Amino acid sequence: RERLRMETLERQRHALVREVHHRIKNSLQGVVGLLQLHARERPGMEEPIRAAIARVNSVAAVHGLYAGGDGGGVRLCDIVDAIGAYERNLFPEIELRIERPGDWREVRLDERESVAVALVISELALNAIKACVRERCKVPVMIAFERVDEAVCVTVSNAAGRLPEG
């Protein structure tokens, strides 16, 4: 009986956590909608608003993945695919490619780390994309993964040229 009671409590806890993540994701998508409205109303502010949208979308993506997940953390590949989809939508003029090693689908992030990792990858990709926009380049922005022992190395790059002065 105690085992069944504990299993029931665990299922209820998992359902509650998934629902909270779902509600957070939906709230953040509402914020994105407001930001998109402001971007249309303020053409001179489009670039910083698109940057804010990319950041909010990254956090929303992680919560969305947890809402639909199995409670075992979020796969890094799913986070990057979601970030890629959002940033492709924001910057359709720039090609974004993701290079994946064969075993990259097995890499899972702890819940405490996933939002921070998503924000870092999003910020790096956003910087690379903005450099391509600024330089009007036609080369893709690349996000690549490589296993290094027990870790994963994530590289975000473009061939747009140099870093801006300063």
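Residues numbered from 1 in each chain as written. Predicted model: local features only at pLDDT ≥ 70, side-chain atom pairs only at ≥ 80, totals over all residues. Heavy atoms only, no water.

Asker: Looking at this structure, how should I read the sheet that holds strand β5 (residues 151-157)?
Answerer: Two modes of strand pairing occur in sheets, parallel and antiparallel, and in both the strands are linked by backbone hydrogen bonds. The strand order across the open sheet formed by three strands is β2-β4-β5, and the pairing between neighbours is mixed. Strand pairing shows two members of the sheet lacking a second neighbour, β2 (96-99) and β5, which therefore form its edges. Strand-to-strand twist of the sheet, defined as the mean angle between neighbouring strand axes without regard to direction, takes the value 15°. Packed on one face of the sheet, helix α3 (residues 76-90) meets β2, β4 (141-148) and β5 and runs near 170° to β2. Of the strands in this sheet, β4 and β5 touch helix α4 (residues 111-135), which is tilted by about 145° from β4. (Pairing = 2+ DSSP bridges. Helix = DSSP H or I, 4+ residues; strand = E, 2+ residues; numbered from the N terminus. Axes fitted to C-alpha atoms, helices over the stretch in contact; angles between N-to-C directions. Contact = heavy atoms within 4.5 Å.)

Asker: Got a minute to help me understand the pairing of β5 in this structure?
Answerer: Consecutive side chains of a regular strand alternate in pointing toward one face of the sheet and then the other. In the sheet, β4 pairs with β5 via seven bridges, with the strands oriented antiparallel. Considered in β5, the bridge of Phe-145 is made with Val-154. Count of turn residues in the β4/β5 antiparallel hairpin: two residues, of which Asp-149 carries a positive phi of about 55°.

Asker: Looking at this structure, how should I read the packing of helix α2 (residues 46-67) against α4?
Answerer: The relative placement of two packed helices comes down to the angle between their axes together with the axis-to-axis distance. Following both chains from N to C, one finds α2 and α4 inclined at 150°, their axes separated by 9 Å at the closest point. For the element pair α2 / α4, the angle class is roughly antiparallel. The handedness of the crossing between α2 and α4 is right-handed. Packed against α2, whose contacting residues are Glu-47, Ala-51, Ala-54, Arg-55, Ser-58, Val-59, Val-62, His-63 and Tyr-66, the element α4 presents Glu-111, Ser-114, Val-115, Ala-118, Leu-119, Ser-122, Glu-123, Leu-126 and Lys-130 at the interface. Residues belonging to the contact of α2 with α4 are distributed by class as follows: nine nonpolar, four polar and five charged. (Parallel < 35°, antiparallel > 145°, perpendicular 65-115°, else oblique. Left-handed = near helix turned anticlockwise from the far one by under 90°. Nonpolar A, V, L, I, M, F, W, Y, C, P; charged D, E, K, R; others polar.)

Asker: What exactly am I supposed to notice about the environment of Ile-121 here?
Answerer: Relative to the helices and strands, Ile-121 is located in helix α4. Under the relative-accessibility criterion, Ile-121 is labelled buried at 4%. For the pair formed by Ile-121 and Ser-58, sequence separation is 63 residues and the distance between their alpha carbons is 8.9 Å. Apart from residues lying up to four places away in sequence, Ile-121 is in contact with Leu-76, Val-80, Ile-83, Ile-143 and Val-154. (Buried < 20%, exposed > 50% of the residue type's maximum accessible area, 1.4 Å probe, protein only.)

Asker: Whenever I open this one, the side chain of Arg-50 confuses me. Can you help?
Answerer: Its place among the elements puts Arg-50 in helix α2. Those residues within four positions of Arg-50 in sequence are excluded, and the remaining contacts are Leu-90, Phe-91 and Glu-93.

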